[in-house]
Amino acid sequence: GSNAAFFTGLNNTSIGWYNAGANTTLSGVANAYALRITGTSTLTGGGINIHSGGLLTNGTVVLSATTPLYFGDGTTPAEGIVYVADSSLVLNGVVTANNLTYGGPGFLQLTNTANAISGTIQMNGGLLYIDGNGARGTATEIVLSGDYLNNNNGNQMPSLRLRHNSATTTYTGLNVTVAEN
């Protein structure tokens, strides 16, 4: 699909592919079983519930601060499974997930300090930016997992960037674990 009408046509069993590479304003909350977004796209308004937790992006994709992303049915959070195939995925809206697994050679940026990510954030490659302690939600552990011995592409190695907005920001209650395959 290629416009806002595409999102209104989705339901909790849809496997959607938004391939417009365009800016779109969602008119309400879109539900999908899994979702792929390709091209340079900025989505605003509404919100997205991904029932299986599966999100794949290609290109520069931005969800604005007015576009929450809920991994689950909108009531019960599920594990978020995100793969950024290239470039970037910037999540400015509130992200809700019961564990978050991220991989791919691109980068994922979590900016909203009201995120509701619980459990563990698992990185299987790529670059993760967390902009402030609250942007990780209540997740207490970040696991950096990669095939360090057989790595032939540096972008497949997980790289974590804990960023802050002031000299007084601290990351408390967070364990970072490096795990080798």
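(A) Structural view of the sheet that holds strand β13 (residues 127–131). If you walk across this open sheet you meet the seven strands as β2-β4-β6-β9-β11-β13-β15, and the pairing is parallel. Looking along the sheet, the strands with just one partner apiece sit at the ends: β2 (24–25) and β15 (159–163). Where strand β11 (residues 107–110) and β13 come together, four bridges link them in parallel fashion. Paired with Leu110 across the bridge in β13 is Ile130.

(B) A look at unusual backbone geometry. Its identity is not glycine, yet Ser87 carries a phi of approximately 55 degrees, on the positive side. Residue placement: Ser87 occurs in the loop between β8 (80–84) and β9 (88–91). Looking at Ser87, the relative accessible area reads 38%, which means it is partly exposed. A positive phi angle, close to 80 degrees, is found at Asn99, a residue other than glycine. Considering the arrangement of structural elements, one finds Asn99 in strand β10 (residues 95–103).

(C) Structural context of the side chain of Thr101. Take Thr101: it is sitting in strand β10. Within the structure, Thr101 has its side chain in polar contact with the side chain of Glu79 (distance 2.5 Å). The residues touching Thr101, leaving out its near neighbours within four places in the chain, are Glu79, Gly80, Ile81, Val82, Gln122 and Asn124.

(D) Just the pairing of β13, in detail. For β13, a buried count of five out of five residues is recorded, marking the element as mostly surrounded by other parts of the structure. Neither face of β13 is left uncovered, since the one carrying Leu127, Tyr129 and Asp131 and the one carrying Leu128 and Ile130 both have all their residues buried. Direction of pairing for β13 relative to β15: parallel, over a ladder of five bridges. For Asp131, the partnering residue across the bridge sits in β15 and is Arg163.

(E) Structural view of the environment of Arg163. With respect to the helices and strands, Arg163 occurs in strand β15. With a relative accessible area of 33%, Arg163 lands in the partly exposed category. Sequence separation between Arg163 and Val176 is 13 residues; the distance between their C-alpha atoms is 15 Å. If sequence neighbours within four positions are ignored, Arg163 has contacts with Gln109, Tyr129, Ile130, Asp131, Gly132 and Tyr171.

(F) Just the environment of Met157, in detail. When you line up the elements, Met157 lands in the loop between β14 (141–146) and β15. Taking the C-alpha atoms as reference points, Met157 and Thr138, separated by 19 residues in sequence, lie 24 Å from one another.

(G) Main features of the packing of aromatic side chains. With the rule as written, the count across this model stands at four aromatic pairs. Here Phe6 and Tyr18 contribute two aromatic rings whose centre-to-centre distance is 5.9 Å and whose plane-to-plane angle is 40 degrees, an arrangement assigned as tilted. Within this pair, whereas Phe6 is found in helix α1 (residues 4–8), its partner Tyr18 is found in strand β1 (residues 15–18), the two being separated by 12 residues in sequence. Between Phe107 and Tyr129 the ring centres are 5.2 Å apart and the planes differ by 85 degrees, which places this aromatic pair in the edge-to-face class. Of the two residues, Phe107 is situated in strand β11 and Tyr129 in strand β13; the sequence distance between them amounts to 22 residues. The class for Phe107 is partly exposed, based on a relative accessible area of 26%. Judged by relative accessible area, which is 16%, Tyr129 ranks as buried. Through a chain of ring-to-ring contacts, the aromatic side chains of Phe6, Phe7 and Tyr18 assemble into a single cluster. Arg36 extends its terminal NZ or CZ atom over the ring of Trp17, reaching a point 4.4 Å from the ring centre.

Rules used throughout
- Residues numbered from 1 in each chain as written.
- Predicted model: local features only at pLDDT ≥ 70, side-chain atom pairs only at ≥ 80, totals over all residues.
- Heavy atoms only, no water.
- Pairing = 2+ DSSP bridges.
- Helix = DSSP H or I, 4+ residues; strand = E, 2+ residues; numbered from the N terminus.
- Buried < 20%, exposed > 50% of the residue type's maximum accessible area, 1.4 Å probe, protein only.
- Polar contact = N/O pair within 3.5 Å; in protein donor to acceptor, adjacent residues only side chain to side chain.
- Contact = heavy atoms within 4.5 Å.
- Phe/Tyr/Trp six-rings, centres within 6.5 Å; stacked < 30°, edge-to-face > 60°.
- Lys NZ or Arg CZ within 6 Å of the ring centre and 35° of its normal.

In short, the description is geometric, and any link to function would need to be established separately.
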